[in-house]
Amino acid sequence: MADESRPTGSPAIVRGSARPQPFTGATGARRGRPFEARRRRWLPVLGGVLLVALLAPVAARRITDLLWFQHIGYERVFLTRVLAQWALGIGAGVFALVVLLMNARAVLRDLELPDVSAVDRFRSGPMVHARLHVRVAAGLARPAAYVLALFVGLLAASQWRVLAQFFFREPFGIADPVFGRDVAYYVFTVPFIQVLLDYAELVLFLAGCVIVLPVYAARGEIRWRRLWPTVGPIAQRHLGVLAACALVLAGLDTLLVQLPLVLQSAHASLHGAGYTDLTVRLPALRIAGAAALLAAVPVLWSAWRGRVLRGTAASVAAYALIAMLLAGIAPAAFQRLVVQPNELDREAPQIRRHIEATRRAWGLEAVESRELDPERRLTAADIAANAATITNVRLWDREPLLQTFGQLQSIRTYYDFVSVDDDRYRIGGALRQVLLSARELNPAALPTRSFINEHLTFTHGMGVTLGPSNQVTDEGLPMLWIRDLPPSSDVGLGITRPQIYFGELPNDFALAPSRQREFDYPAAQGDADVYSAYAGRAGVPAGSFVRRLLFALRFQSLNILLSRDLTPRTRVLFHRNVLDRAELALPFLRFDRDPYVVVTDSGRLEWILDAYTTSSRYPYSEPLDDGTNYMRNSVKVVIDAYDGDVTAYVADPADPMIRTLARIYPGLLHPLSEMPTDLRAHLRYPEDLFRAQTALYATFHMTDPETFYHREDQWQIPESQVSDPGDREGFIRHMVMRLPGERQPEFLLMRPFTPRQKDNLAAWMVARNDGANYGKLIAYRFPRQSLVFGPTQIVNRINQDTEVSRQVSLWDQRGSEVIRGELLVIPIEQSLIYVQPLYLRAQGGRIPELKRVIVVHEGQVVMDATLEAGLRRLFGGASASVPGSVVSAPAPAPPRTLAAAADSGTARASALIREAVQHYDRARAAQRADDWATYGAEMRQLGEILKQLQPKPGRITVPNGPQ
């Protein structure tokens with residue numbers, strides 16, 4: 001019976017029904033749209049949002065990079081790279097697309113696609129599967145061509161620099177001795193040809209393996225029967241053309257690339273084309289290249305006749321056999337049977353070429369060789385005549401000094417010293433060697449790391465610490481001429497702009513100026529620190545919303561967009577590491593690993609970086625481990641520590657590689673004459689280049705092929721014997737000294753040589769750094785029949801000396817650590833003296849103190865508290881008449897009784913008195929700590945010093961130099 005309370009016309013509801021009743025109204029039809037349809041509508045929107053989210057940071061990085069290049073005035077570098085990449089990428093992509101589409105069209109010609117109905121898709125059987133394969137292969141052929149062309153274009157775009165250097169190449173003016181071609185052909189042209197052939201071979205490979213073979217296999221033109229395929233007539237002609245093109249490319253590669261590369265072959269006795277290469281291998285490569293070109297003809301003929309497999313196999317086998325016999329087996333047999341029994345006679349002309357090319361490529365042909373006479377022993381008069389050398393002996397090693405700077409001059413935990421640099425300044429009219437280091441901000445050491453602290457408040461470092469290389473205080477600590485915060489100077493080096501926004505630490509971006517005050521330096525008294533606001537021109541303006549959005553995307557920092565502290569004047573300072581900044585601005589150069597800071601006459605801080613042009617394709621030249629066989633220090637880059645300006649100066653205009661780069665980037669590189677005079681006075685010969693040159697000169701100072709072949713006069717670099725195992729640079733030292741035969745002292749870079757597998761000294765080389773002599777290399781050689789002690793022998797004699805051994809054993813006990821400094825090789829006139837400082841550091845401490853100086857000459861070892869005293873013991877009192885400060889510096893006066901002795905004594909007595917006070921203070925401290933062993937040792941030392949204080953005749957005081 002029907003329920004009369006139910007409205008008429010309403011659908012019946014069946015209890016337990018599994019399917020809901022459909023709603024059939026006008027509005028219900030719209031609301032009842034299936035969920036799948038709505039999902040399909042929103043999928044493109046979601047996909048677009050995801051695509052934008054993925055591409056937005058990439059686009060923001062590109063745009064902000066362009067803004068950065070525009071800001072520093074190097075937009076030409078950015079645009080040149082982008083335009084060259086697009087030009088090469090589009091060119092290679094279009095070429096690849098044309099070739100791939102031609103192959104796709106050819107493989108799809110006369111192809112009737114089978115009609116696969118919906119019913120057929122659910123059937124089984126070989127015929128249905130074959131039809132599906134044909135349709136899939138045919139449908140993917142053309143899309144695959146576009147995808148592969150895009151891939152080839154992107155891959156080719158990375159070779160844009162090869163393209164640019166080829167079109168703007170400059171000649172070297174030097175012809176190779178085999179083919180008579182200019183060296184520029186091997187440096188610029190051969191790489192370009194190789195790139196073209198490599199990408200042509202890649203396109204051919206992709207066309208054959210990705211498009212042609214799969215479609216023909218699906219069509220049934222290629223079938224496998226047992227182990228040998230059968231190929232239809234259409235496929236035979238097509239594959240024959242591809243095989244012929246591959247052989248042509250192989251032949252061109254052999255003739256145009258492999259042939260020139262023979263001049264860079266590696267052999268046991270030389271690097272370059274040897275006798276076997278010139279006699280057998282070069283003719284064999286010519287024959288093999290011609291054979292590859294000729295083999296293309298029978299391949300085409302066999303393909304036309306329907307025998308492509310046999311013809312191609314026979315041609316390739318013949319080519320491979322010829323190449324293996326002529327370019328592989330024949331040269332090896334000729335080398336073993338003909339050359340090795342008479343190698344020196346056969347290879348002598350090639351060895352001479354190898355020597356000449358290496359010396360020319362590395363600038364060693366300009367090394368001036370001078371002979372020394374080590375027979376005459378140095379006298380006090382010689383020491384006095386070389387006052388400038390003695391005055392500038394570097395008694396502070398970089399690593400101990402860096403630790404000391406970090407403990408005494410960091411002031412706050414968020415300041416850090418990265419490295420210590422050698423330089424020279426005119427102080428009081430005299431050339432003085434100094435050691436200096438920039439006090440940089442280390443954001444990782446901030447007490448609270450927040451967006452405001454890291455990017456708005458703590459934005460820069462502050463000043464430098466600078467002191468003489470040879471002076472210490474009474475406590476054994478370095479004398480500082482520029483120190484503290486704000487930087488104060490005791491000499492004529494004032495710093496007017498001490499803020500360091502660009503340095504060696506990898507700092508993150510900074511936002512300045514802003515509404516937040518920038519921390520400048522801690523106050524000397526009270527709690528009120530000193531703040532400032534950035535007023536320089538560095539950074540990209542970020543006042544607009546769009547730019548803030550771009551930088552927020554680039555740095556993944558939403559605070560850049562939301563912060564209210566940014567103003568219309570705010571700039572974004574990024575790429576603040578000077579090495580990173582230079583490499584981005586000048587990506588076509590290779591940079592030295594040691595930037596150094598300079599205090600200019602106007603009081604600004606400037607970073608100087610050495611940049612190189614390099615190549616690995618110079619014929620016959622000896623390469624380094626990384627393959628580099630040509631290097632020039634062609635560019636000096638200056639970066640302002642406050643404004644971040646990047647200025648590149650051409651230091652070697654004769655370098656053809658830098659002339660080529662100057663044509664690619666006109667107006668970017670400035671002549672060295674435009675560099676300010678105060679900066680030119682601080683240019684240094686780069687260490688990386690000098691390290692490579694001296695390592696090669698150890699062998700290539702031998703210019704006679706027979707001597708070179710036997711290696712009978714080969715040298716080696718002595719190993720440094722310092723305590724720090726990470727500081728084994730091989731005795732590369734900066735020093736201010738007067739060269740033998742010269743009148744004026746100058747800033748030099750020096751390195752010694754010892755005979756191979758021997759410890760005695762053979763020679764030493766210097767690179768001059770000052771004025772018109774900048775860049776000149778001089779090798780001072782000792783007679784081969786004389787014995788001059790080398791660094792290792794000197795270190796052994798020092799270790800065997802009873803006084804040194806006793807003192808080191810006494811100090812190097814529980815509670816203290818002895819650090820042996822670098823052994824300094826100091827040339828004086830025709831001879832040498834060796835100097836090694838000894839530092840004492842408390843166990844667990846990080847403040848080394850200079851306690852002793854060891855001086856060695858002619859095997860005689862002395863150790864004293866000062867270099868002055870050591871020289872006097874070696875050469876007598878007259879040696880102390882040298883003007884200038886040798887070691888100590890003025891210090892607070894000691895107690896009255898000792899002060900009276902100092903007033904009536906000599907400089908030697910003054911040094912001993914100061915040391916006596918130190919031993920007395922340590923003894924009292926040990927007594928209070930109940931450390932009676934240390935107390936006894938200190939009192940014994942005090943007694944020995946008091947015995948030495950008895951007056952002795954013949955002492956002459958060394959006046960102190962500028963402090």
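For the structure itself, consult the block above.
The structure displayed is predicted, hence computed values, not measured ones.

**Q** Teacher, can you tell me more about the packing of aromatic side chains here?
**A** To describe a pair of aromatic rings, one takes the distance between the centres and the angle between the planes. Per the counting criterion, the structure on display carries 33 aromatic pairs. For the ring pair Tyr 185 and Tyr 186, a centre distance of 5.4 Å and an interplane angle of 85° mean the geometry is edge-to-face. Accessibility assignment for this pair places Tyr 185 and Tyr 186 in one class, buried. Seen from their ring centres, Trp 764 and Tyr 780 are 4.3 Å apart, and the 20° between their planes marks the pair as stacked. Of this pair, Trp 764 sits in strand E26 (residues 763-768) while Tyr 780 sits in strand E27 (residues 777-781), placing them 16 residues apart in sequence.

**Q** Looking at this structure, how should I read the pairing of strand E21 (residues 646-650)?
**A** In regular strands, side chains alternate between the two faces of the sheet. Here E21 lies mainly inside the structure; 4 of its 5 residues are buried. Bridging between strand E20 (residues 630-640) and E21 involves 5 bridges; their strand directions are antiparallel. Bridge pairing links Lys 636 to Tyr 649 in E21. Between E20 and E21, which follow one another and run antiparallel, lie 5 residues, and Gly 644 among them has a positive phi close to 75°. Where E21 meets strand E22 (residues 669-671), 3 bridges bridge the pair, whose relative direction is parallel. Residue Ala 648 lies in a different strand from E22, and its bridge partner there is Leu 669.

**Q** How do you make sense of the sheet that holds strand E12 (residues 510-512) when you look at a structure like this?
**A** The 3 strands lie next to each other as E12-E16-E15, forming an open sheet whose pairing is antiparallel. Edge positions in the sheet fall to E12 and strand E15 (540-541), since each has one partner strand and no second. As defined by bridge partners, E12 adjoins strand E16 (residues 571-573) across 3 bridges and the pair is classed as antiparallel. The partner of Ala 510 across the bridge, within E16, is Leu 573.

**Q** What should I look at first to understand a nonpolar patch on the surface in this one?
**A** On the surface, Trp 86, Ile 90, Val 94, Val 98 and Met 102 cluster together into a nonpolar patch covering about 540 Å² of accessible area. By the secondary structure assignment, Met 102 is in helix H3 (residues 75-108).

**Q** Explanation requested: unusual backbone geometry in the structure shown.
**A** Glycine aside, residues mostly have negative phi, and peptide bonds are mostly found in the trans state. Residue Pro 486 is reached from Leu 485 by a cis peptide bond, and omega for that bond is -10°. The peptide bond linking Ala 512 to Pro 513 adopts the cis configuration, its omega dihedral lying at -10°. On the secondary structure map, Pro 513 appears in the loop between E12 and strand E13 (518-521). The phi angle at Asp 484 is positive, at roughly 65°, despite the residue not being glycine. Its location among the elements puts Asp 484 in the loop between strand E9 (482-483) and strand E10 (488-489). A positive phi angle, near 55°, is found at Arg 711, a position not held by glycine. Within the secondary structure, Arg 711 is located in the loop between helix H21 (705-710) and strand E23 (715-716).

**Q** How do you make sense of the packing of helix H6 (residues 183-219) against helix H7 (residues 233-261) when you look at a structure like this?
**A** Geometrically, a packed helix pair is captured by the angle between its two axes and the distance between the axes. Where H6 contacts H7, the axes come no closer than 10 Å and their chain directions differ by 165°. Here H6 is positioned roughly antiparallel relative to H7, judged by the angle of their axes. Here H6 runs over H7; the crossing is left-handed. Considered class by class, the residues forming the contact of H6 with H7 number 22 nonpolar, 3 polar and 3 charged.

**Q** Mind showing me how you'd approach the pattern of salt bridges here?
**A** Tallied over the full model, the rule gives 37 salt bridges. The salt bridge partner of Arg 398 is Asp 422, with a shortest N-O separation of 2.6 Å. Highlighted residues: Arg 398 in helix H13 (residues 398-408) and Asp 422 in strand E5 (residues 421-427), separated in sequence by 24 residues. Using a relative accessible area of 0% as the deciding quantity, one classes Asp 422 as buried. The salt bridge involving Arg 691 is made with Glu 687; its shortest N-O contact spans 3.8 Å. Of this pair, Arg 691 and Glu 687 both sit in helix H20 (residues 687-700), separated by 4 residues, roughly a single helical turn. When sorted by exposure, Arg 691 lands in the same class as Glu 687, which is buried. Each member of the salt-bridge network shares a partner with another, and the members are Arg 394, Arg 398, Asp 422, Arg 593, Glu 687, Asp 688, Arg 691, Arg 733 and Glu 822.

Cut-off values and rules
Residues numbered from 1 in each chain as written. Predicted model: local features only at pLDDT ≥ 70, side-chain atom pairs only at ≥ 80, totals over all residues. Heavy atoms only, no water. Phe/Tyr/Trp six-rings, centres within 6.5 Å; stacked < 30°, edge-to-face > 60°. Buried < 20%, exposed > 50% of the residue type's maximum accessible area, 1.4 Å probe, protein only. Helix = DSSP H or I, 4+ residues; strand = E, 2+ residues; numbered from the N terminus. Pairing = 2+ DSSP bridges. Patch = residues over 30% accessible without salt bridge, like charges linked within 9 Å, V, L, I, M, F, W, Y side chains within 5 Å. Areas by Shrake-Rupley, 256 points an atom, 1.4 Å probe, with all protein chains shown as cover. Salt bridge = Lys/Arg side-chain N within 4 Å of Asp/Glu carboxyl O. Axes fitted to C-alpha atoms, helices over the stretch in contact; angles between N-to-C directions. Parallel < 35°, antiparallel > 145°, perpendicular 65-115°, else oblique. Left-handed = near helix turned anticlockwise from the far one by under 90°. Nonpolar A, V, L, I, M, F, W, Y, C, P; charged D, E, K, R; others polar.

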